[in-house]
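# Examining the three-dimensional arrangement
This is what each chain is made of:
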Number of protein chains: 2
Amino acid sequence: MLSEEKNDRPVYPIRTAAKLLNISVHTLRMYEKEDLIIPFKKSTSHRLYSKSDIERINCIRSAINDSKISINGIKTIYSMMPCWEVLNCSKEDRSKCAAYLRHNSPCWAIKGEDTICASKDCRSCTVYQDYGECGSIIKFIRKKLTDL
Amino acid sequence: MLSEEKNDRPVYPIRTAAKLLNISVHTLRMYEKEDLIIPFKKSTSHRLYSKSDIERINCIRSAINDSKISINGIKTIYSMMPCWEVLNCSKEDRSKCAAYLRHNSPCWAIKGEDTICASKDCRSCTVYQDYGECGSIIKFIRKKLTDL
DNA sequence: AAAAGTTGGTATTTATAAATATCAATTTTT
DNA sequence: AAAAATTGATATTTATAAATACCAACTTTT
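I will try to describe carefully the structure that is included in this document. Note that the coordinates shown come from a computational prediction; the quantities given were computed from them, not determined experimentally.

## With respect to the protein's contact with DNA strand C
The environment of DNA strand C is formed by 21 residues, the closest being A:P13, A:R15, B:S24, B:T44 and B:S70. Of all the secondary structure elements, the ones that give two or more residues to the surface near DNA strand C are α2 (14-21) and α3 (25-33) of chain A together with α3 (25-33) of chain B. With three residues, α3(B) is the single largest residue contributor to the surface near DNA strand C. Looking at the surface near DNA strand C residue by residue, the classes come out as six nonpolar, ten polar and five charged.

As structure tokens, this is what we get:
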């Protein structure tokens, strides 16, 4: 609990995060613009990154550099995550939700306006937090279908 | 029925297929080497393509050129197809099957040796035939989880 | 209030995925 | 048996995704 909290605490300013990841500041902003990550934002518009953020971005880097999956490929894979199952959306909610029928962007990029997600902070949502790792999404689907 | 049979009939030699798709012969071979497609092979090693093959390859081209998903991205998305659900594999079969735990290649590229797939011709398998289209996989998963 | 860092933007560079060209050997067709 | 097409393989080119560099305006820190 406590240690997880620590991992989620936004502590690194963008320059420090970039150094930890061995990439440029601009690349971090690009990932954000592409909806791969949601850094914490202070009262002003300055970004802060947590240990979990760094891990997540390392996964993204590995997908790009080792697995040779393009950014749009990663977005499409993210878009396959059945968020509605995790959040137990009602059939009504689903029918209203743009994220339910999407197939290009992660749910946090296109969440429906009338759904239970609308007012949520996606950064602290389990769908965003626990399924950023490459491979965790298919694991979720496999388990869900097997336990069926 | 009859018309579907016609669409599946391997009739175009590689040069004709390439012309229909407006790509080079070598690109077609590359897609095959990357396990995106399984063309029909005559007694010798010559390839033949069907109308369905052409459609499938058009989908792949659209994913690459329009959606900007890399070939490895497409392979990863194919690998997320729950083939074991379509084929109703037993728990025993699943536990033996490399395709069940994969996350890089489509099932037809790594089917398990001891499974019901082992001796099958993947080209004529519903998993290969019906889920080559971009977006059909997430549709399958969504439906399966919703009907749950 | 001066120094250090961040912002968003455009323009440029780099790395490499995707596609093409070329080849001799083999197969098919006529 | 000659002509046309396909095979696999390597080497090369092209297109573009991903990353970098640079900028003036703004924010934070000391």
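## Details of unusual backbone geometry
Positive phi values are uncommon outside glycine, yet A:N22 reaches one of about 65°. Among the residues examined, A:N22 registers 8 C-beta atoms within 10 Å and is labelled exposed. With a phi angle near 65°, B:D35 is a residue other than glycine that sits in the positive phi range. Within the element layout of this structure, B:D35 appears in the loop between α3 and β2 (40-41). For B:D35, a count of 19 C-beta atoms within 10 Å corresponds to the partly exposed category.

## Quick word on the interface of chain A and chain B
If you look at the interface, chain A gives 18 residues, while chain B gives 18 residues. Of all the elements in the fold, those that place two or more residues in the side of chain A that touches chain B are α5 (71-78) and α10 (136-146) of chain A. Within the side of chain A that touches chain B, the residues separate by chemical class into eight nonpolar, seven polar and three charged.

## Section: the sheet that holds strand β1 (residues 12-13) of chain A
Residues and elements named next belong to chain A. Reading across the sheet, the three strands line up as β1-β3-β2 and stay open at both edges, with antiparallel pairing between neighbours. Edge positions in the sheet fall to β1 and β2 (40-41), since each of these pairs with one other strand and no more. As paired strands, β2 and strand β3 (residues 47-49) are joined by two bridges and run antiparallel to one another. Bridge pairing in β3 links F40 to L48.

The rules behind each value
- Residues numbered from 1 in each chain as written.
- Chains lettered and ligands numbered in written order.
- Predicted model: local features only at pLDDT ≥ 70, side-chain atom pairs only at ≥ 80, totals over all residues.
- Near = placed C-beta within 6 Å.
- Helix = DSSP H or I, 4+ residues; strand = E, 2+ residues; numbered from the N terminus.
- Nonpolar A, V, L, I, M, F, W, Y, C, P; charged D, E, K, R; others polar.
- Buried ≥ 20, exposed ≤ 12 C-beta atoms within 10 Å, placed from the backbone.
- Contact = placed C-beta atoms within 7 Å.
- Pairing = 2+ DSSP bridges.

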